[in-house]
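Listed below are the residues making up each chain.
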Amino acid sequence: MHILVTGGAGYIGSHTCVVLLEAGHEVSVLDNLCNSSAEALRRVEAITGRSLRFVEGDIRDPAKLAQALEGGVEAVIHFAALKAVGESCEQPLAYFDNNISGTIALMQAMEAKGVPRLVFSSSATVYGEAKTNPVDEQAPLSVTNPYGRTKLVMEQLIGDWSASQSGASAVLLRYFNPVGAHPSGRIGEDPQGEPNNLMPYVAQVAVGRRERLRVYGNDYPTPDGTGVRDYIHVMDLARAHVRAVEYAAGNRGCRAFNLGTGRGYSVLEVITAFEEATGRLVPYDIEARRPGDVAALTADPSLAQVELGWRAELDIAAMCEDAWRWQSGNPEGYA
Ligand code: NAD
Ligand code: UFG
């Protein structure tokens, strides 16, 4: 298939481009590089020995979208979004505009060109404060911040749009906590400024770029008191997108799938796993809870196994080793 990947220069998008190219698909990327570097795409080409087409531009720009959808694009994988929860509380309109208006513009352009398949990057954030773990796709949906609201609204808009188009199909992929990097260490997560997320912070402490990790709370109702999450290797996530785009080609309608391992790790367990996998020490301090954090969130990923024929294969040791190979080989990211 010829697949347009919006946000393909970003963290998850670049890894997905590798897997798509290796599976024999043709890839076009539309990205405005607001949170990424074109260097990631050059490295995708170097890893795979294949080339992709890159259109630099914004998903809210109809001319750029039309250009990106040229050449017989048959499906779109839509990663392009702003994703920082804290920033979304300070600038909700920027998030509504970029994420929601951008997704509407994308669907309009797809409809105009007759492109029927859409795979969408959603998030476990749509489960809000889950009452029980693990959560399956039937769990009630709610939002706790403007970023989460954009994901929930986009899921709903995509559902309505795909229902209105005969022959259209949409797959909503709810990621739990993506971590790790390509095993080559040549592409990985390159957060701008101070990382918000645990694994890049841990890796930056280990490489000496940051002094100590702040562990946000050890008084949660979890086995060791620290927050529990379902970390998933970005290469497993990337493989799921290939399955999802193939599923969309064979199934109509709109379906949501959880993408996680089904196994939770606490913050302290992640630190220990990272130290064991890399031989590096990760000094930390226990601090107050971070506002908005939930105690635990883990996936029931069985629907993806049944319907997509996908399940996560890489364990926490591989996640830490690969995150470290990327971080230690590229201490300043792509800079
Ligand atoms: P990322 O910031 O690395 O990638 C997003 C890419 O989209 C970047 O390359 C950015 O430049 C581009 N982009 C943003 N707005 C754009 C616009 N208006 N036009 C064109 N390009 C634009 O983030 P990521 O971690 O790779 O996340 C990819 C997707 O997965 C996002 O939709 C995110 O919300 C979702 N997601 C991420 C996580 C996570 O923890 N990383 C968890 C759940 C869901
Ligand atoms: N944590 C720390 N110190 C840090 C960073 C994180 O102790 O420096 C802890 C958090 O308190 C939490 C765990 O590590 O217990 C994981 O935190 P992350 O920030 O890595 O991930 P979150 O689960 O908070 O956030 C992720 C995505 C969001 C999404 C959210 C909803 O990054 O985009 O899941 O499920 F909205």
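In what follows, the structure referred to is the one given above.
Per chain, residues are indexed from 1 in the order of the written sequence. For this description, chains carry letters from A and ligands carry numbers from 1, given in the order in which they are written. Confidence filtering applies because this is a predicted model: local features only for residues at pLDDT of at least 70, side-chain atom pairs given and counted only at 80 or more, and all residues used for totals across whole chains, interfaces and linings. For side-chain calculations, the full set of non-hydrogen atoms in the structure is used, while hydrogens and water are omitted.

A. Just the site of ligand 2, in detail. Consider each residue's heavy atoms; a residue with any of them within 4 Å of a molecule or strand counts as near. Taken together, 20 residues lie near ligand 2, and L198, R214, R229, R290 and D293 sit nearest. The contact in question runs from an oxygen atom of ligand 2 to an N or O atom on the backbone of L198, over 2.8 Å. One of the backbone N or O atoms of Y216 is found 2.9 Å from an oxygen atom in ligand 2. Per-residue and other accessible areas were derived by the Shrake-Rupley procedure at a 1.4 Å probe size, with only the shown protein chains allowed to occlude residues. About the coverage of ligand 2: the protein hides 89% of its 690 Å² of free accessible area. Secondary structure elements follow DSSP: runs of H or I of four or more residues count as helices, runs of E of two or more count as strands, with numbering from the N terminus. No other element matches the four residues that strand β8 (residues 213-216) contributes to the shell around ligand 2. Any residue that is not Ala, Val, Leu, Ile, Met, Phe, Trp, Tyr, Cys, Pro, Asp, Glu, Lys or Arg is counted as polar, Gly included; the first ten are nonpolar and the last four charged. Among the residues forming the shell around ligand 2, the class breakdown is ten nonpolar, six polar and four charged. Pairing of N or O atoms within 3.5 Å defines a polar contact, subject to two protein rules: one partner must be a possible hydrogen donor and the other a possible acceptor, and residues neighboring in sequence count only if both atoms are side-chain atoms.

B. Expanded view of the site of ligand 1. Residues in close proximity to ligand 1 total 27 residues, the closest being D31, N35, S36, K83 and Y147. Within the contact set of ligand 1, an oxygen atom lies 3.0 Å away from a backbone nitrogen or oxygen of C34. One of the side-chain N or O atoms of D58 is found 3.1 Å from a nitrogen atom in ligand 1. Here ligand 1, which alone exposes 810 Å², has 96% of that area covered by the protein. Sorting the residues of the shell around ligand 1 by element identifies α1 (11-22), β5 (117-123) and α6 (146-164) as the ones contributing at least two each. In terms of residue count, the dominant contributor to the shell around ligand 1 is β5 (three residues).

C. Just the packing of helix α7 (residues 198-206) against helix α11 (residues 316-329), in detail. It is the contact of α7 with α11, at a shortest axis distance of 10 Å, that shows an interaxial angle of 55 degrees. Between α7 and α11, the angle falls in the class oblique. Between α7 and α11 lies a crossing whose hand is right-handed. Facing α7, whose interface residues are M199, P200, A203, Q204 and A206, α11 presents C320, A323, W324 and Q327. Its residues assigned to classes, the contact of α7 with α11 comprises seven nonpolar, two polar and no charged. A fitted line through C-alpha atoms serves as each axis, taken over the contacting stretch for helices, and the angle formed by two N-to-C directions is quoted from 0 to 180°. For classification purposes, angles smaller than 35 degrees are called roughly parallel, those larger than 145 roughly antiparallel, those between 65 and 115 roughly perpendicular, and all remaining angles oblique. A crossing counts as left-handed when the near helix is turned anticlockwise from the far one by less than a right angle, and as right-handed when that turn is clockwise. Contacts are assigned to residue pairs with any non-hydrogen atoms lying within 4.5 Å of each other.

D. Main features of the sheet that holds strand β6 (residues 169-175). Taken together, seven strands build an open sheet; the order of strands is β3-β2-β1-β4-β5-β6-β11 and the sheet is parallel. Since the sheet does not close on itself, it has two edges, and those belong to β3 (53-56) and β11 (253-259), each with one partner. Geometrically, the sheet is characterised by an average inter-axis angle of 20 degrees between neighbouring strands, direction not taken into account. We call two strands paired when DSSP finds no fewer than two bridges between them. Across five bridges, strand β1 (residues 2-6) lies against strand β2 (residues 26-31) in parallel orientation. Across the sheet, V5 pairs through a bridge with V29, a residue of β2. Docked against the sheet, helix α8 (residues 234-250) engages β1, β4 (75-78), β5, β6 and β11, running at close to 160 degrees with respect to β6.

E. Inspection of α1 at higher detail. Counted at 1.5 Å a residue, the expected span for α1 with its twelve residues is 16 Å, and the 17 Å between its end C-alpha atoms agrees. Of all twelve residues making up α1, eleven are buried, and the element is well covered by its neighbours. Categorising residues by exposure relies on relative accessible area from a 1.4 Å probe, with only protein chains included: less than 20% of the type maximum marks a residue as buried, more than 50% marks it as exposed, and the intermediate range marks it as partly exposed. Every buried residue of α1 is listed here: Y11, I12, G13, S14, H15, T16, C17, V18, V19, L20 and L21. At the C-terminal side of α1, G24 shows a positive phi close to 95 degrees. Multiplying 1.5 Å by the helix residue count minus one yields the expected span of that helix.

F. View of the packing of helix α9 (residues 267-278) against α11. Here α9 crosses α11 at 65 degrees, and the two axes come no closer than 9 Å. For the crossing formed where α9 meets α11, the hand is right-handed. Residue-level inspection shows V270, A273, F274, A277 and T278 of α9 in contact with α11, the latter providing I316, A317, C320, E321 and W324.

G. Geometry of the sheet that holds strand β14 (residues 296-297). In spatial order, the strands read β12-β9-β14; together these three strands make up an open sheet with mixed pairing. Two strands in the sheet have a free side with no partner beyond their single neighbour: β12 (265-266) and β14. Strand direction decides the pairing type here: strand β9 (residues 228-229) and β14, joined by two bridges, are parallel. Note on β14: the bridge partner recorded for V228 is A296.

H. Main features of the pairing of β3. Taken together, the four bridges between β2 and β3 define a ladder with parallel strand orientation. For L30, the partnering residue across the bridge sits in β3 and is V55. With strands facing away from the observer, any crossover in which the path from the first strand over the helix to the second runs clockwise is taken as right-handed. A crossover connection joins β2 to the parallel β3 through helix α2 (residues 38-48); in handedness this β-α-β unit is right-handed.

I. Structural context of the environment of E87. When you line up the elements, E87 lands in helix α4 (residues 85-90). Spatially, the C-alpha atom of E87 lies 18 Å from that of S122, the residues being 35 residues apart in sequence.

J. Structural view of the packing of aromatic side chains. Aromatic pairs are defined between Phe, Tyr and Trp rings, using the six-membered ring for Trp, whenever the two ring centres lie within 6.5 Å; interplanar angles under 30 degrees are classed as stacked, those over 60 as edge-to-face, and all others as tilted. For the coordinates displayed, the defined rule picks out four aromatic pairs. Judged by centre distance (5.5 Å) and plane angle (90 degrees), the rings of Y247 and F257 are edge-to-face. Of this pair, Y247 sits in helix α8 while F257 sits in strand β11, and the two are ten residues apart along the sequence. Summarising the burial analysis for this pair, Y247 and F257 share the class buried. We note R263 situated over the ring of Y265; from NZ or CZ to the ring centre the distance is 4.0 Å. Either the NZ atom of lysine or the CZ atom of arginine qualifies as a charge over a ring when it sits within 6 Å of the ring centre and within 35 degrees of the ring normal.

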